[in-house]
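Each chain, written out:
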Amino acid sequence: AYTRMKTEKMNKDMIKTKEAPVGIGVVWELKKKKQVLAVFKVVEGGGAHRAGLLPGDRLLFVDDTPVLGFNQEEIRPLIMGPEGSQVILRIHRPTPGPGPDGWKNLIMEEMLVRVTRRA
């Protein structure tokens, strides 16, 4: 498992804005078998909703930090920040695709998503 601490710059940014950190409007679930966080629910009107995140999207990176093996508590300091600031998520999105014999396979589409933090 990984531990993530706030950097000095992150702390200074929080002090400068004097605002409570906010998230992106996602409820995460841990897919234990693959040790990856997936979007369980997207809050309507939140930054993730506006950016097009969908339930089932799997989180790989937050900004430049790989987050495989992180749980919900470990991801929180990376996702949260001053309202109106942005975070870049690299996700895998399972999408149905054609498979052999007419069966559907899941194709993992990798994408970068810029999400604005909202209260």
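Just so we're clear, the structure is a prediction, and the values are computed from it rather than from any experiment.

About the criteria used
Residues numbered from 1 in each chain as written. Predicted model: local features only at pLDDT ≥ 70, side-chain atom pairs only at ≥ 80, totals over all residues. Heavy atoms only, no water. 1 Å grid on protein atoms, 1.4 Å probe; cavity = no way out; pocket = protein on both sides within 12 Å on 5 of 7 lines; lining within 4 Å. Points joined across faces, edges and corners; volume = space filled by probe spheres on them. Helix = DSSP H or I, 4+ residues; strand = E, 2+ residues; numbered from the N terminus. Nonpolar A, V, L, I, M, F, W, Y, C, P; charged D, E, K, R; others polar. pLDDT = per-residue confidence, 0-100. Buried < 20%, exposed > 50% of the residue type's maximum accessible area, 1.4 Å probe, protein only. Arc of directions from axis to C-beta. Polar contact = N/O pair within 3.5 Å; in protein donor to acceptor, adjacent residues only side chain to side chain. Phe/Tyr/Trp six-rings, centres within 6.5 Å; stacked < 30°, edge-to-face > 60°. Lys NZ or Arg CZ within 6 Å of the ring centre and 35° of its normal.

Looking at the layout of surface pockets
As a volume, the second largest pocket reaches approximately 190 Å³. Around the second largest pocket, the lining residues are G23, I24, G25, V26, V27, W28, Q72, I75, R76, I79 and M80. Counting only elements with at least two residues in the lining of the second largest pocket, the list comes to β1 (26-31) and α3 (72-79). No other element matches α3, which puts four residues into the lining of the second largest pocket. By residue class, the composition of the lining of the second largest pocket is seven nonpolar, three polar and one charged.

Digging into the confidence of the model for the protein chain
Here the protein chain averages 79 in pLDDT, and 71% of its residues register 70 or above. For the protein chain, per-element mean pLDDT is lowest for helix α1 (residues 8-17), which scores 55, and highest for strand β4 (residues 65-66), which scores 94.

Some details on α3
Taken together, the buried positions of α3 are occupied by E74, I75, L78 and I79. Projected down its long axis, α3 shows its buried positions confined to an angular sector of 130 degrees, all on one face. Where α3 begins, the capping side chain belongs to N71, and its oxygen is found 2.9 Å from the backbone nitrogen of E73.

Side note on unusual backbone geometry
Located in the positive-phi region is D63, a residue other than glycine, with phi close to 50 degrees. Position of D63 among the secondary structure elements: in the loop between β3 (58-62) and β4. Note on D63: relative accessible area 39%, which makes it partly exposed.

Observations regarding the packing of aromatic side chains
One pass over the structure, following the stated rule, counts zero aromatic pairs. Taking the ring centre of F61 as reference, the NZ or CZ of R90 above it sits at 4.8 Å.

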